[in-house]
Protein chains: 2
Amino acid sequence: MKKILIIGTVAYDEIETTTGSSGKILGGAATYIGLSASLLNSKSSIISIVGGDFEYKNLKLLKLKGINTDSIEIVPKGKTFYWKGKYHKDWNKRDTLNTQLNVLADFNPAISEENKKAEIIVLGNLHPEIQNTVLDQVNVSEKCIILDTMNFWMDNALPELMKVIKRVDIIIINDEEALQLSKKDTLFAAANEILSFGPKQIVIKKGEHGAMLFDESQFFTVPAFPVKKVIDPTGAGDTFAGGFAGYLSQLDNINFEVMKLAVVHGTVMASFCVEGFGTSVMESLEKETTNNRLKEFKNFTRY
Amino acid sequence: MKKILIIGTVAYDEIETTTGSSGKILGGAATYIGLSASLLNSKSSIISIVGGDFEYKNLKLLKLKGINTDSIEIVPKGKTFYWKGKYHKDWNKRDTLNTQLNVLADFNPAISEENKKAEIIVLGNLHPEIQNTVLDQVNVSEKCIILDTMNFWMDNALPELMKVIKRVDIIIINDEEALQLSKKDTLFAAANEILSFGPKQIVIKKGEHGAMLFDESQFFTVPAFPVKKVIDPTGAGDTFAGGFAGYLSQLDNINFEVMKLAVVHGTVMASFCVEGFGTSVMESLEKETTNNRLKEFKNFTRY
């Protein structure tokens, strides 16, 4: 099993939807990626930063899932990154009500020798400058590097983001972001354009409409798992990335064929995430439940 | 091979898109269903009505595809049904600019003894009163009856439409229509509700996002074939229905497993339809081309 290094936020979120409010809960890209990957991988480490307000029970949760949290820096006098958002009836629309970078403003991760050995690196959604700092410290050509990012960085740090994109193997973004980043008007054209920036593969997530995987000459697509009732989509993309990376970490050889199954695993993991507020479903999810849903998904999609 | 009876419009359309204009061209639900089914079935008949203005070359086209046109009634002094529509940049939005029912206003189809033998009946999009008239003349319980309809009839002839729905085996509608008809807010809830109205199976088409198939206890979903450039979506739904019915007509036993493949065939056929204005692509489509795309689709979706 390959070791996975996850770089991203560990945070507190407050989420409002049309049906309810979460209160202050555990969040952050690295949290979701880690929880999701932990169902498929027992050798993952999170690199992140939190404040003195970060509760031990949250750290313990990650540890209990087998995630190495030694590289989650704790700044005793600082406060944990905080995000508050509100979703509309159309889940694709959300407003950010409050963002407090707090300790994240000075995050400058140093990768330990042990962590440098990881074969898979997941760059969770984070300032591309930090993502580049991480890549500067590892032997990029020897690793499978997976990048997750979002439109915020396309709007606010495009040159730095382009520098990261050039260095990664696989980029995972959603449909709107793919169109924005590529300045194209179809997902096929967008995928081709983004592949020309450097990555070998691109995964385009389409939310409830599934996901697509492209490389230079191949294409694969799956529908989403049909979730009966979405409660909160926060973290679904990160959870997808965690499932994707977690599945790849089990294999000796990473190629397009196995990436198809990685997309299926990401899709199924994300379907659990949205069934509750924040990390609630992922926190108590068991391997057997995910295996059953994978079987169900195959049943729904194979012909 | 089972005989397919297709009831629907044979019409003239004029279509405007953001990139071009079709001029007056052949259209109509039965035309699209017939052209699509003809690639999979050699025993189909169209029941429809046209005016004296209907050009022989259009009739000949259908005949050359092996479609029996003996039951397309020609009213010499009447005019063929005409529809003019305009699509927006978002293909899901279109305005009807002109509708002239013409001969369709008095369409009251009589089913010949020969046509009554058809094992599969496709009720193309048409006034549900006419669809009911057709069902009154056949032994409904012995046939596989497939209904295609649209929101216009939900708005304007709901009681008659509900009467048809109660009598059919399979209903094919799009996602918005499923929500409207069921008064539910998720596609799963909508499918369950509509199945409770009578049909044994429901296919929900989601345009570029694929299609779903449900029965009481089973579910199947496929992505759409990724069309590089959509030229005109007119007839895509009818073409789907034609491919769906055409595939089923080749089989002795119709069950959920083979219906999955029927959905795949419908999906692939519809992908050709949208690649040109009106029936242009379907008119010259060859079996080999459809087989190649079916293989390609399997390659894109199987894992």
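Everything below is about the structure printed above this text.
Quick look at the relation of the copies chain A and chain B
1) Next: Between the two copies, chain A and chain B, the superposition gives an RMSD of 0.0 Å; the rotation angle is 180° and the shift along the axis is 0.0 Å. Here the symmetry operator amounts to a two-fold rotation axis.
2) Next: A shared interface surface links the copies, since 100% of the contact residues of chain A are contact residues in chain B too.

Things to note about the layout of surface pockets
1) Next: Taken as a whole, the second largest pocket holds about 300 Å³ of empty space.
2) Next: What lines the second largest pocket is a set of 22 residues, among which F188, S217, Q218 and F219 of chain A together with F300 of chain B lie closest to the centre.
3) Next: Secondary structure elements with two or more residues in the lining of the second largest pocket: α7 (187–196) and α9 (256–273) of chain A together with α12 (287–301) of chain B.
4) Next: Split by residue class, the lining of the second largest pocket holds 10 nonpolar, 4 polar and 8 charged.

Quick look at the packing of aromatic side chains
How two aromatic rings sit relative to each other is given by the distance of their centres and the angle of their planes.
1) Next: In the structure shown here, the tally under the stated rule is 22 aromatic pairs over all chains.
2) Next: With a centroid separation of 5.0 Å and an interplanar angle of 45°, the aromatic rings of F214 of chain B and F219 of chain B are classed as tilted.
3) Next: Looking at F219 of chain B, the relative accessible area reads 6%, which means it is buried.
4) Next: Taken together through their ring pairs, the aromatic side chains of F188, F214 and F219 of chain A together with F225, F297 and F300 of chain B make up a single cluster.
5) Next: One Lys or Arg, R293 of chain A, reaches over the ring of F272 of chain A and ends 3.9 Å from the middle of that ring.

As for the sheet that holds strand β2 (residues 11–16) of chain A
All names here are of chain A.
1) Next: Pairing is mixed in the open sheet, where 4 strands are placed in the order β3-β2-β7-β8. A strand with exactly one partner marks an edge of an open sheet, and here the two such strands are β3 (21–27) and β8 (94–100). Put simply, the sheet's adjacent strands are angled 20° from each other on average, direction ignored.
2) Next: Where β2 lies against strand β7 (residues 82–87), 5 bridges are found, and the strand directions are parallel. Residue pairing across strands places I15 opposite G85, the latter belonging to β7.

Comments concerning the interface of chain A and chain B
1) Next: With 21 residues of chain A at the interface, the matching set in chain B holds 21 residues.
2) Next: Between chain A and chain B lies a buried interface of about 2,200 Å² when both sides are counted; carbon and sulfur atoms form 63% of it.
3) Next: The interface formed by chain A and chain B contains 0 salt bridges.
4) Next: Breaking the side of chain A that touches chain B down by element, the ones donating at least two residues are β14 (219–222), α9 and α11 (287–301) of chain A.
5) Next: Top contributing element to the side of chain A that touches chain B by residue count: α11 of chain A, with 5 residues.
6) Next: Per-class residue counts for the side of chain A that touches chain B are 11 nonpolar, 5 polar and 5 charged.

Re the pairing of strand β1 (residues 4–7) of chain A
Each regular strand shows side chains that alternate between the opposite faces of the sheet.
Residues and elements named next belong to chain A.
1) Next: Burial along β1 is two-sided: the face carrying I4 and I6 and the face carrying L5 and I7 are both buried.
2) Next: Bridge count for β1 against strand β9 (residues 120–123) is 4 bridges, and the pairing is parallel. When the sheet's bridge partners are listed, I4 is paired in β9 with I120.
3) Next: Summarising the sheet, β1 and strand β4 (residues 44–51) pair through 4 bridges and their orientation is parallel. Of the residues in β4, the one forming a bridge with L5 is S45.

Calculation notes
- Residues numbered from 1 in each chain as written.
- Chains lettered and ligands numbered in written order.
- Predicted model: local features only at pLDDT ≥ 70, side-chain atom pairs only at ≥ 80, totals over all residues.
- Heavy atoms only, no water.
- Least-squares fit on C-alpha atoms with pLDDT ≥ 70 in both.
- Contact = heavy atoms within 4.5 Å.
- 1 Å grid on protein atoms, 1.4 Å probe; cavity = no way out; pocket = protein on both sides within 12 Å on 5 of 7 lines; lining within 4 Å.
- Points joined across faces, edges and corners; volume = space filled by probe spheres on them.
- Helix = DSSP H or I, 4+ residues; strand = E, 2+ residues; numbered from the N terminus.
- Nonpolar A, V, L, I, M, F, W, Y, C, P; charged D, E, K, R; others polar.
- Phe/Tyr/Trp six-rings, centres within 6.5 Å; stacked < 30°, edge-to-face > 60°.
- Buried < 20%, exposed > 50% of the residue type's maximum accessible area, 1.4 Å probe, protein only.
- Lys NZ or Arg CZ within 6 Å of the ring centre and 35° of its normal.
- Pairing = 2+ DSSP bridges.
- Axes fitted to C-alpha atoms, helices over the stretch in contact; angles between N-to-C directions.
- Buried area = accessible area lost by both parts, 1.4 Å probe.
- Salt bridge = Lys/Arg side-chain N within 4 Å of Asp/Glu carboxyl O.

Honestly, it's all geometry; don't read function into it.
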